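Topology and contacts: notes
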Amino acid sequence: MNSVLKGDTFEQNSYELLKQSINNDELGISPKYAKVFLKKGYFSQLRNKEIIFDLAIEIWPPNSERYTLLYLIECKSYSTKDVPVDDIEEFLFKASQIANHGYFIKAAFISNSSFQEGAVEIAKNAGLMLIEVTSDKELTIKLHKTVRIKTDNSDDLLKSIQEIESFIFNVFELNKVIGLHKYKREDIANIASNLIEEIDSKVLQQALQIPIEKTIDYLKNNYKLNFNFDDSIFIKKGLLGYYDIPESCIHIDSNIYKTERFAFILAHEVGHFILHKDIKINQQSYDKFEDSEYDFISDKHLLNNHKNWIEWQANEFAASFILPKSSFYTRLVQTQRQLGISRVGFIYLDDQPINRQDFYKIISTLSQFFGTTMTSVIFKLENLNLITYDRKIDDYKSELRSIYNHINGK
């Protein structure tokens, strides 16, 4: 399917893409239940006449006498300016006049220009889908908010909304990820080691802790990477940290700055900068992918979508950067000898209290030395296969999970 809108008539090409996909039953939306229209009118009580919309998609449930869900779509082509607030407000006002006719209305706005910040904010609050045709002709959803509808048939309606929005998402091929390289673990470790050598060659030579402030200054001066640790982004965005590609800026929540969690989160976002600064993926596509929870027992992620790969790579980079293999192993051996443990170079874990106590002491000491969390240390130990268990696999899975939950207060 060609996702590039060509030709002189912006809405005509959008219409043809939608109509072709529906008629061919390509993406799970059957032509029996969905109808797409170009320049169709819908009655407005306020105007006492019909309002013509660029595009409309009507969803007709089986055996129904009328449609129950209506998508109204505005198509605007701009030559020089960003989409202004006024255009969004005008479209939303027109769409609101078609309400209260026994069907539910959702709205979408397609443009070949970026959207002004005020326009995005209004769309966010109104639940309006914004679709942008960027300068390189890739279609990108900038914002999409789905709100659960409280009606007698809310579950069925919500399902219909999700299906049609997924259809729109796919018909314009908005789930593309361009430029994602699927690095292996060894590749990421080498990339992290090379950066460490750039910043301070003594770190690996002497098995030292990564100098965080020196790292920040180095990345500022040599990579033109910006940092913001002043805002409470968890409150505003629900995030502890994120890398903003257009701004080339790493944002980390002010509440964890200089805490034990800071180093790993910083390294995770630096990993995004180093590994992912050239990829192209829209936020809507990224958010639609579910996270793959790391199972450190089997040392595996379910790498079945792009978000899984992106986050796994950033975590691997963070583990290799904050806890480099050679430094980590050296400090593990030193720690075990200081604690009087006879068998060094790996951790033996079973039911004996002394071995469990040694395990806690080791991960606590290593986390303090490297300035990171005990969870990160366990992640690294499992990553390097440095824990030996004296039980069957099902037993030690339960054991290590209980330790992990204890550390994290679960």
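Presented here is an overview of the structure given in this document. (Residues numbered from 1 in each chain as written. Predicted model: local features only at pLDDT ≥ 70, side-chain atom pairs only at ≥ 80, totals over all residues. Heavy atoms only, no water.)

**With respect to the overall build of the protein**
Put simply, the rule reads: Each helix corresponds to a stretch of at least 4 residues labelled H or I by DSSP, and each strand to a stretch of at least 2 residues labelled E; elements are numbered beginning at the N terminus. Residue contacts are counted whenever heavy atoms from the two residues lie within 4.5 Å of one another. The protein chains shown are the only cover counted for residues, whose accessible areas, like all others here, come from Shrake-Rupley with a 1.4 Å probe.
Looking only at helices and strands, the protein has 15 helices and eleven strands in total. Within the protein, residue pairs in contact and separated by at least 24 positions form 59% of the contacts whose partners lie at least 6 positions apart. In the form shown here, the protein has an accessible surface area of approximately 21,100 Å², with 45% of it arising from carbon and sulfur atoms.

**A word on the packing of helix H5 (residues 185-199) against helix H9 (residues 262-276)**
For clarity, the threshold we go by: Where helices are involved, their axes are fitted lines through C-alpha atoms of the stretch in contact, as for all axes, and angles between N-to-C directions lie from 0 to 180°. Here roughly perpendicular refers to angles of 65 to 115 degrees, roughly parallel to angles under 35, roughly antiparallel to angles over 145, and oblique to all remaining angles. Classification used: nonpolar for Ala, Val, Leu, Ile, Met, Phe, Trp, Tyr, Cys and Pro, charged for Asp, Glu, Lys and Arg, polar for all others including Gly.
Contact geometry of H5 with H9 gives a least axis separation of 12 Å together with a crossing angle of 105°. In this view, H5 runs roughly perpendicular relative to H9, as classed from their interaxial angle. Counted together, Ile188, Ile191 and Leu195 of H5 and Val270, Ile274 and Leu275 of H9 form the full contact between these two elements. Per-class residue counts for the contact of H5 with H9 are six nonpolar, no polar and no charged.

**What to know about the pattern of salt bridges**
Selection rule: Each reported salt bridge corresponds to a side-chain nitrogen of Lys or Arg within 4 Å of a carboxyl oxygen of Asp or Glu. Burial status follows relative accessibility: with a 1.4 Å probe on protein chains alone, a residue under 20% of its type maximum counts as buried, one over 50% as exposed, and anything between as partly exposed.
This model, assessed by the stated rule, comprises four salt bridges. Notably, a salt bridge pairs Asp54 with Lys39, separated by 2.9 Å at the nearest N-O pair. Here the residue Asp54 occupies a position in strand E2 (residues 49-59), and Lys39 occupies one in strand E1 (residues 34-44), the gap between them amounting to 15 residues. Judged by relative accessible area, which is 9%, Asp54 ranks as buried.

**Topic: the packing of helix H13 (residues 353-370) against helix H14 (residues 374-383)**
At a minimum axis distance of 8 Å, the contact between H13 and H14 shows a crossing angle of 110°. As judged from the angle between their axes, H13 and H14 are roughly perpendicular. In this structure, H13 contributes Phe359, Ile363, Ser364, Leu366 and Ser367 to the contact, and H14 contributes Met374, Val377, Ile378 and Leu381. Classifying every residue of the contact of H13 with H14 by side-chain character gives seven nonpolar, two polar and no charged.

**Quick notes on helix H1 (residues 10-23)**
We count it as follows: The span you would expect from a helix comes to 1.5 Å times its residue count less one. The directions from the helix axis to the C-beta atoms are what the arc is built from.
In this model H1 runs 20 Å from its N-terminal to its C-terminal C-alpha over 14 residues, within 8% of the 20 Å that 1.5 Å per residue would give. Turning to H1, its buried residues are Phe10, Glu11, Ser14, Tyr15, Leu17, Leu18, Ser21 and Ile22. Down the axis of H1, the smallest arc covering the buried residues is 160°, so these residues share one side.

**Observations regarding the pairing of strand E4 (residues 104-111)**
Keep this limit in mind: Strand pairing requires that DSSP identify at least two bridges connecting the strands.
Summarising burial for E4: seven of the eight residues are buried, a large majority. Note: strand E3 (residues 69-76) against E4, eight bridges, orientation parallel. Residue Lys76 lies in a different strand from E4, and its bridge partner there is Ser111.

**Brief notes about unusual backbone geometry**
Of all residues except glycine, most have a negative phi; of all peptide bonds, most are trans. The phi torsion at Ala207 lies on the positive side, around 55°, for a residue other than glycine. By the secondary structure assignment, Ala207 is in the loop between helix H6 (202-205) and helix H7 (212-223). In this structure, Lys258 is a non-glycine residue whose phi angle is positive, near 70°. Examined against the element boundaries, Lys258 turns out to sit in the loop between strand E9 (249-252) and H9.

**Describing the side chain of Ser44**
Take Ser44: it is sitting in strand E1. Excluding its chain neighbours within four sequence positions, the residues that come into contact with Ser44 are Lys49, Glu50, Ile51, Gln97 and Ile98.

**A look at the packing of aromatic side chains**
Aromatic rings considered in pairs are described by the distance between their centres and by the relative angle of their planes. The condition that has to hold: Only centres within 6.5 Å qualify two rings of Phe, Tyr or Trp (six-membered ring in Trp) as a pair; their planes then separate them into stacked at under 30 degrees, edge-to-face at over 60, and tilted for everything else. For a Lys NZ or an Arg CZ to count as sitting over a ring, it must be within 6 Å of the ring centre and within 35 degrees of the ring normal.
Under the defined criterion, the tally for this structure stands at 17 aromatic pairs. Arranged with centres 5.6 Å apart and planes meeting at 65°, the rings of Trp60 and Tyr67 form a pair that is edge-to-face. Members of the aromatic cluster, each reached through a chain of ring pairs, are Tyr42, Phe53, Trp60, Tyr67, Phe91, Phe109 and Phe115. Cation over ring: Lys277 sits above Phe273, and NZ or CZ is 4.8 Å from the ring centre.

**Thoughts on H14**
The element H14 is extensively covered by neighbouring structure, given that eight of its ten residues are classed as buried. Taken from the residues just after H14, Asn385 is the one with a positive phi, measuring 55°.

**Topic: the nonpolar core**
In globular proteins that are soluble, nonpolar side chains generally tend to be buried together. Just so we agree on the cut-off: Take the buried Ala, Val, Leu, Ile, Met, Phe, Trp, Tyr and Cys residues and link them wherever side-chain atoms come within 4.5 Å; each set so joined is a nonpolar core.
In this structure, Leu266, Phe321 and Leu381 are the most contacted members of the largest nonpolar core, which totals 56 residues. Looking at which element gives the most residues to this core, the answer is H9, with nine residues. Leave out the neighbours within four places in its chain, and Phe321 touches Ala192, Leu195, Ile196, Ile199, Ile210, Thr215 and Ala267. Counting residues in each nonpolar core, the second largest holds 24 residues, with Leu70, Val83, Phe91 and Phe115 among its members.

**A few points about the sheet that holds E9**
One open sheet holds the three strands; their spatial order is E7-E9-E8, and the pairing between them is mixed. In this open sheet, the two strands that pair with only one neighbour each are strand E7 (226-228) and strand E8 (241-244). Pairwise comparison of adjacent strand axes, ignoring direction, gives a mean angle of 15° for this sheet. By the bridge criterion, four bridges tie E8 to E9 in an arrangement that is antiparallel. Its bridge partner being in E9, Asp244 is matched across the sheet by Cys249.

**Let's talk about the pairing of E2**
A regular strand places its side chains so that they alternate between the two faces of the sheet. Buried residues dominate E2, accounting for eight of its eleven residues. Looking at chain direction, E1 and E2 are connected through ten bridges and run antiparallel. Within E2, the residue paired with Leu38 across the bridge is Leu55. In textbook terms, the turn of a hairpin is the stretch between consecutive antiparallel strands, and for E1 and E2 this stretch comprises four residues, one of which, Asn48, has a positive phi near 60°. Sheet analysis places E2 next to E3, joined by five bridges and oriented antiparallel. In the sheet register, Ile57 faces E3, and the bridge partner there is Tyr71.

Everything listed here is a matter of coordinates, which is why it stays silent on function.
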